[in-house]
Amino acid sequence: MELVTLRDLLPRAKREHYAVGAFNFNGYEDAVGIQMGAEQAAAPVILMASQGACQYIGLYETVGIVKGIAKHSKVPVCLHLDHATDYDFIKEAIKAGFSSVMVDASAREYETNIRESKAIADFARNYNCSVEAELGKVGGKEDNIVVEDRTAAFTVPSDVPRYVEETGIDALAVAFGSVHGFYKSEPKLDFDRLDAILKLTDCPIVLHGGTGIPIADIQKCIDMGLAKVNVGTELKAAFSGTLRKLCAELPAGEFDPRKFLKPVKGAVAAIVKEKLEAFGAAGKA
Ligand code: G3H
Ligand code: ZN
């Protein structure tokens, strides 16, 4: 199967009141684990690599891994560049074969954010690549981008219609209480704000910082019309936790990397399957 875009996945999800799961990966094992989990749930899936992950894996290697995974996949796979702030890098990723990108101009003021996100959306259109942008600032730390909780600004609903109209984006990340990384205290989502945003636009809305939010809260957002949920940290923790356990358990003479890494794929797949079922995406492939 060819890679699909957010345009292929999110409008249907919004219409049918489920959310597509988007999961961060940092290498081959977790990328494969994500697709395995999606296939077990028979759900479409978005594999996300941050700018930092692409630099770690190699940009063309990232595309090669996910195109290889998609080739034999029984479920639709989208390869999405997550939270990218370097516009030259985004263009290179689009040309390299990413089927979707996120331009993160959320640190800019409103007019600049519109201008810069629109420029990427215009560029991506020539490559059949979808674009997500962010309005408001999701708190916490995502890869190399840090937003202090206290300065994190929630999205202003009335800012949304003009933003979506003028940028021409395919999905919009909004800030209404979620935070990147593990929560320091109980997450409190501003459901009224999300509701106001959803009433003002048809553009599919994205929840960032999916790790640690109670599933019931995420399901409430999905019932309201949320179309994409991003999960990253939870998979990193499962990856490293599984590896740590195996290093302690396997005999000292064991040196086959596959003995260490195969269970990592399984641990990632189990979380992805569980999330996709909870998001109502199971069986939607
Ligand atoms: O863009 C990535 C996500 O928002 C991941 O957030 O690491 O808190 O799950 P998370
Ligand atoms: Zn994010």
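Residues numbered from 1 in each chain as written. Chains lettered and ligands numbered in written order. Predicted model: local features only at pLDDT ≥ 70, side-chain atom pairs only at ≥ 80, totals over all residues. Heavy atoms only, no water.

**Let's talk about the pattern of salt bridges**
Convention followed: For this document, the term salt bridge refers to a Lys or Arg side-chain nitrogen within 4 Å of an Asp or Glu carboxyl oxygen. Strands here are runs of E lasting at least two residues and helices are runs of H or I lasting at least four, both read from the DSSP assignment and numbered beginning at the N terminus. Partly exposed residues are those whose accessible area sits between 20% and 50% of the maximum for their type, while under 20% is buried and over 50% is exposed, using a 1.4 Å probe and protein chains only.
This model, assessed by the stated rule, comprises 16 salt bridges. The closest approach of N and O atoms between Arg-162 and Glu-111, which form a salt bridge, is 2.8 Å. Of this pair, Arg-162 sits in helix α7 (residues 160–167) while Glu-111 sits in helix α6 (residues 110–125), and the two are 51 residues apart along the sequence. For Glu-111, a relative accessible area of 37% puts it in the partly exposed group. Between Lys-228 and Glu-132 there is a salt bridge, with the nearest N and O atoms lying 2.6 Å from each other. Note that Lys-228 is positioned in strand β11 (residues 228–231) and Glu-132 in strand β5 (residues 130–135), a separation of 96 residues in sequence.

**Examining the coordination of the zinc ion (ligand 2)**
Quick note on the threshold: Any N, O or S atom lying within 2.8 Å of the metal counts as a donor, and for Na, K and Ca the limit rises to 3.2 Å; water is left out, so some sites can look incomplete.
Distances from the zinc ion (ligand 2) to its protein donors, namely His-83 (NE2), His-180 (NE2) and His-208 (ND1), fall within the range 2.0 to 2.1 Å. Site description for the zinc ion (ligand 2): donor spacing in sequence, H-x96-H-x27-H. Of this pair, His-83 sits in strand β3 (residues 77–84) while His-180 sits in strand β9 (residues 179–180), placing them 97 residues apart in sequence.

**Focus on the sheet that holds strand β10 (residues 205–207)**
Note the threshold: Strands pair, by our definition, only if DSSP identifies at least two bridges between them. Working convention: axes come from line fits to C-alpha atoms, limited for helices to the stretch in contact. Angles between N-to-C directions cover 0 to 180 degrees. Residue contacts follow a heavy-atom distance rule, with two residues in contact if any of their heavy atoms lie within 4.5 Å.
In spatial order, the strands read β1-β2-β3-β4-β5-β8-β10-β11; together these eight strands close into a barrel with parallel pairing. Across the sheet, the axes of successive neighbouring strands diverge by a mean angle of 25°, strand direction being ignored. Where β5 and strand β8 (residues 171–174) come together, four bridges link them in parallel fashion. Directly across from Leu-135, in β8, lies its bridge partner Val-174. Lying on the sheet, helix α2 (residues 28–41) is in contact with β1 (20–24), β2 (45–50) and β3; it crosses β2 at an angle near 165°.

Interpretation in functional terms is not warranted from these geometric data alone.
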